[in-house]
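The residues making up each chain are set out below.
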Amino acid sequence: MSPRPSASATRIVAKPHSDEFLRDRTATVDAVVQSAWQEHLAAAFPEAMALVAVGGYGRRELFPHSDIDLLVLLERELEGEPRQAALSAFLRALWDAKLRVSQSVRTLSQSCNIDSGNLEGTITLFDHRFLTGDRTLYEQLAQRLPRIFQTHRLVLMRGLITMAKARHVKFQNTIFHLEPNVKEGPGGIRDLHMIAWLNALGVAAPSELGDARSFLFDVRRRLHDKYGRDANVLSFEAQDEMSDDPARWMRDYYRGARQIHRAVLRQMEVAEALTENSLVRQFRDWRARLSNPDFTVSRERVFFRSSQQLAKDPELLLRLFVFVARHGVRLALETERRIGDNIPQLTAWFSTPRQLWPSLREILSLPHAATGLRAMHETGTLTAVFPEWHAIECLVIRDFYHRYTVDEHTLVAIEAITRLRTRGEELHRRFADLLLETEDIPLIGTALLFHDLAKASGSGNHAARSAEFAASALARIGMPAELSARVQFFIENHLVLSAVMIGRDISDPQVIRELAARVATIENLKALTLLTYADTDAVNPTALTPWRLEQLWRTYVHVYRELTRELDTERAQSVQSPFLEGLPVRYLRTHSEDEIRAHMLLDDQSRHTGVAVDLKRRNGVYDLTVVTADRPRLFASLAGALSAFGMDIVKAEAFANRSGRIVDTFVFSDPMRTLELNPAEIDQLKLTVQRVATGRDDVRRLLTARARPLTSRPRPHFAPSVAFDSTASETATLIEIIAEDRPGLLYELASAMSDAGCNIEVVLIDTQAHKALDVFYVTAGGAKLGPERERELHARLMSVCAGPQNVTPSRTSA
């Protein structure tokens, strides 16, 4: 399909064509540069200097706010004060004309010298164009460059490939970002440049990218116009302005970007083959031994043995992806082409119910399952087998938290399971061991394949609807009914563990009992834990934080113990102390004997100093314990102190004993690595907490100093909500709050609860982009809240949620 959208779907094609604009813009800049030359340089350099347009300026690709890449070409080194002054005056004139000049001053010999440590300067010379000055000097450069490029062809190829791969890695090697960078991202304008450069070095370029190029150029020009600067990120806000149907329009964007990305990857493969050393060549030859009667492996790519085989034997296609999933060898361009030529017939063949489950099960069981599924997706085979997948292909769901399109999120989730097999980090190793214990890997992969299918329908409960879609698809491929039922169960419940670990107190026995009843079996628990791990990891590259990993594992352990009835909630403590008198049973359940003894020592210390503070780092987060005498707004003030230091609170608990001593604990992360990079700040943080706890410092002053002006980044728009639940806990009322995040939010919420006569027992805090998702376990007078107090508190909290909007969104809001 052409990447150019229809006129009814978008406004962008109604604008003047960008090529015409770029030519006009370039001509205007040429005139300014030539005029400044005449005024400031012509007299000082009657010869031996030429002005050369290079890079984007040399290609006549000047967008509204592009840099002006200018080479000041000299016959010899610049000498003499008058000439230096003339050059300075020339450059000032260009800046005064509002041109963003990026100039280099080099002699002819310097320009013809290849510096392997700085290839970017040489690469700009691929695109050069005479502007004014000494044409003879320019012609010498123009005549020498082709010979230089040919002589150093392999060095330049290696450099270009290295630069492109590094750039792609920054974007996780995928085009499917919800807010893509149209210049630097995979499938963007820089990849078009890469195709042209490799072509100049002798690697053939495809000829069918004209529409995709025009689309990208139109988008980049519009972004520059909209933001008044060199802006290249296609934000949600910009998408809305460029199209009446942004979701459909973005699908056109992804199709064009995919076309460009595949083209550049193919070119890079050819170039790498030309530049590889003998050891790599030997390895490729060794890998060729993987060939079998159906497939040939050559240069790390899979080919069909027979050109007519696929049309006669459609099941060959499934055997191909089993082969890819087993060996991790990618498809050759010729193989992809043959599949594409046969997709209509293959789609018709797959539409008839067939026993395809054994092949899919084998693919999902193999070490390179994700590679096999991605190859199926890229060749259209996945949609041929499961037409249901077409609904989520290149589908954008507006979410400032998720990074990828729905189909890409699904594939990244399956890659997370595959990658888990080899992850050795301590926090991930436990889940890797869990993977080894389960026999449900194919079912987990199948559940992931279908878990978000209903997002295309806009259904409120997409998990249940996705399970319905999966049921018919799995029946069509012959999956046994009992296995299909389990996959549907996994899909329906794929959000259950994440909802509990983020929004419920997993130390509450009632929460764990209800979750265990829903999960039902240990096998289901293991599968859902792994599915939750993968689904969270695929949200964005930073979503699976050490805290979330720890919470997921603790949730698994608690439910496992409940299912095996090994959880002893009446565990007796071997320690006895007045400190424990009046502390709730929950305190004993959530703290080990060693922790309780440490709290008793802190209590002894606090009776002499007024407050005792302990701070430890564990599994990527920090644990802060404060023991002191209780006073109004103490919990809120401690939370505010951490906010003022830029810490992200993820969980907090508050306990008080009969004598009015409190034990408040906070788990927080340090997103800016302030404490890690500045160890002295640890003592400063502890001192600030001590001063706030004893009332010697005003937390509101600290928070005011923390606030910053809003950034220009678009913000999400949603209505805040406050919901009460008196059934989720046996002892407390749950208050679930969704609000726009800001510094000091937790302090204000906790203060409002304190002012209403409420005690905060537990706080669970999560953030998704700019959205704060906070859950409070609250009591009043040792009991749940009554209806009247709930109504009063609801009004107070809604007022807080709708409060100041003039600060930067930050989870430092605590």
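Just so we're clear, the structure is a prediction, and the values are computed from it rather than from any experiment.

A.B. asks: Would you take a moment to explain the sheet that holds strand β3 (residues 101-107) for this structure?
C.D. replies: As a general point, the strands of a sheet are linked pairwise by backbone hydrogen bonds and lie either parallel or antiparallel. As summarised here, the arrangement of the 4 strands in space is β3-β2-β1-β4, forming an open sheet in which the pairing is mixed. The strands lining the two open edges of the sheet, one partner per strand, are β3 and β4 (128-133). Averaged over all neighbouring strand pairs, the angle between strand axes comes to 25°, with direction disregarded. Packing against the sheet, helix α3 (residues 81-96) makes contact with β1 (49-54), β2 (68-74) and β3, and its axis sits at approximately 160° to β3. Here helix α6 (residues 135-151) sits on the sheet in contact with β1, β2 and β4, set at roughly 165° to β4.

A.B. asks: I would appreciate a short explanation of the pattern of salt bridges in the present structure.
C.D. replies: Oppositely charged side chains are able to pair whenever their charged atoms sit close together. This model, assessed by the stated rule, comprises 49 salt bridges. Of the charged contacts in the structure, one is a salt bridge between Arg 167 and Asp 191, with a shortest N-O distance of 2.8 Å. Of this pair, Arg 167 sits in helix α7 (residues 153-170) while Asp 191 is found in helix α8 (residues 189-200), placing the two residues 24 residues apart along the sequence. Judged on exposure class, the residue Arg 167 and its partner Asp 191 are both buried. Notably, a salt bridge pairs Arg 673 with Glu 676, separated by 3.0 Å at the nearest N-O pair. Residue classification places Glu 676 among the partly exposed positions, given a relative accessible area of 37%.

A.B. asks: Help me understand the packing of aromatic side chains in this model?
C.D. replies: Any aromatic ring pair is given by two values, namely how distant the centres are and how the planes are angled relative to each other. In this structure the tally under the stated criterion is 20 aromatic pairs. Between Phe 295 and Phe 323, the aromatic rings sit 5.4 Å apart at their centres with planes inclined by 55°, giving tilted as the arrangement. Taken together, the positions of Phe 295 in strand β5 (residues 295-298) and Phe 323 in helix α14 (residues 315-327) put the pair 28 residues apart, joining distant regions of the chain. Of the two residues, Phe 295 and Phe 323, both sit in the buried class. Ring-pair connections join several aromatic residues into one group, and the members of that group are Phe 431, Tyr 533, Trp 553, Tyr 556 and Tyr 560. One Lys or Arg, Arg 354, reaches over the ring of Trp 349 and ends 3.8 Å from the middle of that ring.

A.B. asks: In this structure, what is going on with the packing of helix α16 (residues 357-365) against helix α21 (residues 441-450)? I would like to understand it.
C.D. replies: The relative placement of two packed helices is expressed as an angle between their axes plus a distance between the axes. Taken N-terminus to C-terminus, the directions of α16 and α21 make an angle of 100°; their axes are 8 Å apart at the nearest point. With respect to their mutual orientation, α16 and α21 come out roughly perpendicular. Across the interface between the two elements, Trp 357, Leu 360, Arg 361, Leu 364 and Ser 365 from α16 touch Ile 441, Pro 442, Leu 443, Gly 445 and Thr 446 from α21. Its residues placed into classes, the contact of α16 with α21 shows 6 nonpolar, 3 polar and 1 charged.

A.B. asks: Looking at this structure, I do not really get the sheet that holds β5. What am I missing?
C.D. replies: Ordered by their spatial adjacency, 3 strands build an open sheet running β5-β6-β7, and the pairing between neighbours is mixed. Edge strands, defined here as strands with exactly one partner in the open sheet, are β5 and β7 (330-331). Relative to β7, strand β6 (residues 301-304) runs parallel, the two being bridged by 2 bridges. Considered in β7, the bridge of Arg 301 is made with Arg 330. Sheet contacts for α14: β5, β6 and β7; angle to β5, the most-contacted strand, approximately 35°.

A.B. asks: Is there a simple way to explain the environment of Ala 432 in this structure?
C.D. replies: In this structure, Ala 432 sits in helix α20 (residues 426-437). Ala 432 sits in the buried class, given a relative accessible area of 10%. Sequence spacing of Ala 432 and Thr 628 is 196 residues, and the spatial spacing of their C-alpha atoms is 42 Å.

A.B. asks: Would you take a moment to explain the pairing of strand β10 (residues 648-656) for this structure?
C.D. replies: Across a regular strand the side chains alternate sides, sitting on one face of the sheet and then on the other. Among the 9 residues in β10, 8 count as buried, and that is most of the element. Direction of pairing for β10 relative to strand β11 (residues 661-669): antiparallel, over a ladder of 8 bridges. In the strand pairing of β11, Phe 655 is matched with Val 663. Adjacent in sequence and paired antiparallel, β10 and β11 are bridged by 4 residues, among which Gly 660 carries a positive phi angle near 85°.

A.B. asks: Where do I start with the side chain of Asp 191 in this structure?
C.D. replies: By relative accessible area, Asp 191 is classed as buried at 0%. A polar contact of 2.8 Å, which involves the side chain of Asp 191, links it to the backbone nitrogen of Gly 187. Those residues in contact with Asp 191 that lie beyond four places of it in its chain are Arg 167, His 168, Gly 185, Pro 186, Ile 260, His 261 and Val 264.

A.B. asks: Explain the pairing of strand β9 (residues 621-629) here, please?
C.D. replies: In terms of burial, β9 is largely enclosed, as 7 of its 9 residues are buried. Note that strand β8 (residues 611-618) and β9 share 8 bridges and pair antiparallel. From the neighbouring strand, Leu 615 faces β9, where its bridge partner is Leu 624. Here β8 hands over to β9 after 2 residues, with Asn 619 in that stretch at a positive phi of 50°.

A.B. asks: Would you explain the side chain of Thr 405 in this entry?
C.D. replies: Take Thr 405: it is sitting in the loop between α18 (381-385) and α19 (406-420). A relative accessible area of 0% means that Thr 405 is categorised as buried. In contact with Thr 405, other than residues within four places in its own chain, are Phe 176, Leu 178, Tyr 254, Cys 394, Leu 395 and Val 396.

A.B. asks: For this particular structure, what's the right way to read the confidence of the model for the protein chain?
C.D. replies: Keep in mind that low pLDDT regions are not for reading the predicted coordinates in detail. For the protein chain, per-residue confidence averages 87 on the pLDDT scale, and 91% of positions sit at 70 or higher. In this model, residues 709-713 is a region of pLDDT below 50 whose contacts with residues beyond four sequence positions or in other chains number 12 contacts. Overall, residues 805-814 carries pLDDT values under 50, and its contacts beyond four positions in sequence, including any with other chains, amount to 57 contacts.

A.B. asks: Could you clarify how one ought to interpret unusual backbone geometry in this entry?
C.D. replies: Positive phi is not limited to glycine here, since Ala 520 has a value of about 80°. Mapped onto the secondary structure, Ala 520 falls in the loop between α25 (509-519) and α26 (522-537). We note that Arg 673 has phi near 55°; this positive angle belongs to a residue other than glycine. With respect to the helices and strands, the residue Arg 673 is situated in the loop between β11 and α31 (674-677). Residue Arg 673 is classed as partly exposed on the basis of its relative accessible area of 41%.

A.B. asks: How do you make sense of a nonpolar patch on the surface when you look at a structure like this?
C.D. replies: The grouping of Leu 154, Val 270 and Leu 274 at the surface amounts to a nonpolar patch, some 220 Å² of accessible area in total. Along the chain, the position of Leu 274 falls in helix α11 (residues 246-275). A relative accessible area of 41% means that Leu 274 is categorised as partly exposed.

A.B. asks: What exactly am I supposed to notice about the nonpolar core here?
C.D. replies: Side chains of nonpolar character tend, in soluble globular proteins, to be buried together. Leu 320, Phe 321, Ile 339, Phe 350, Phe 386 and Phe 450 are the most contacted members of the largest nonpolar core, which totals 100 residues. A total of 9 residues in this core trace back to one element, the largest contributor, which is α14. If we skip the residues at most four places from it in the chain, Phe 450 touches Phe 386, Ser 466, Ala 470, Ala 473, Leu 474 and Ile 491. Ranked by size, the runner-up nonpolar core spans 62 residues in total, among them Val 54, Leu 216, Phe 217 and Val 396.

A.B. asks: When you look at the environment of Ala 164 in this model, what are you seeing that I'm missing?
C.D. replies: Looking at the secondary structure, you find Ala 164 in helix α7. On the accessibility criterion, Ala 164 (2% relative accessible area) is buried. Separated by 21 residues in the primary sequence, Ala 164 and Gly 185 place their C-alpha atoms 9.9 Å from one another.

A.B. asks: Which parts of the structure should I look at to understand α7?
C.D. replies: Structural remark: α-helix, 3.6 residues per turn; residues separated by three or four positions point the same way. Along its 18 residues, α7 runs 26 Å from first to last C-alpha, staying within 8% of the 26 Å computed at 1.5 Å per residue. Residues of α7 that are buried include every one of Leu 156, Met 157, Gly 159, Leu 160, Ile 161, Ala 164, Arg 167 and His 168, and no others. As for α7, its buried residues are in contact with α5 (119-123), α6, α8 and α11. Directly beyond the C-terminal end of α7, a positive phi value near 55° is found at Gln 172.

A.B. asks: Sorry if this is basic, but what is going on with α3 here?
C.D. replies: Over its 16 residues, α3 runs 22 Å from end to end, which matches the ideal 22 Å to within 8%, given 1.5 Å per residue. On its buried face, α3 is in contact with α1 (18-40), β1, β2 and β3. Positive phi shows up at Lys 98, right after α3, with a value of about 70°.

Rules of the game
Residues numbered from 1 in each chain as written. Predicted model: local features only at pLDDT ≥ 70, side-chain atom pairs only at ≥ 80, totals over all residues. Heavy atoms only, no water. Pairing = 2+ DSSP bridges. Helix = DSSP H or I, 4+ residues; strand = E, 2+ residues; numbered from the N terminus. Axes fitted to C-alpha atoms, helices over the stretch in contact; angles between N-to-C directions. Contact = heavy atoms within 4.5 Å. Salt bridge = Lys/Arg side-chain N within 4 Å of Asp/Glu carboxyl O. Buried < 20%, exposed > 50% of the residue type's maximum accessible area, 1.4 Å probe, protein only. Phe/Tyr/Trp six-rings, centres within 6.5 Å; stacked < 30°, edge-to-face > 60°. Lys NZ or Arg CZ within 6 Å of the ring centre and 35° of its normal. Parallel < 35°, antiparallel > 145°, perpendicular 65-115°, else oblique. Nonpolar A, V, L, I, M, F, W, Y, C, P; charged D, E, K, R; others polar. Polar contact = N/O pair within 3.5 Å; in protein donor to acceptor, adjacent residues only side chain to side chain. pLDDT = per-residue confidence, 0-100. Patch = residues over 30% accessible without salt bridge, like charges linked within 9 Å, V, L, I, M, F, W, Y side chains within 5 Å. Areas by Shrake-Rupley, 256 points an atom, 1.4 Å probe, with all protein chains shown as cover. Core = buried A, V, L, I, M, F, W, Y, C linked by side-chain atoms within 4.5 Å. Expected span 1.5 Å × (residues − 1).

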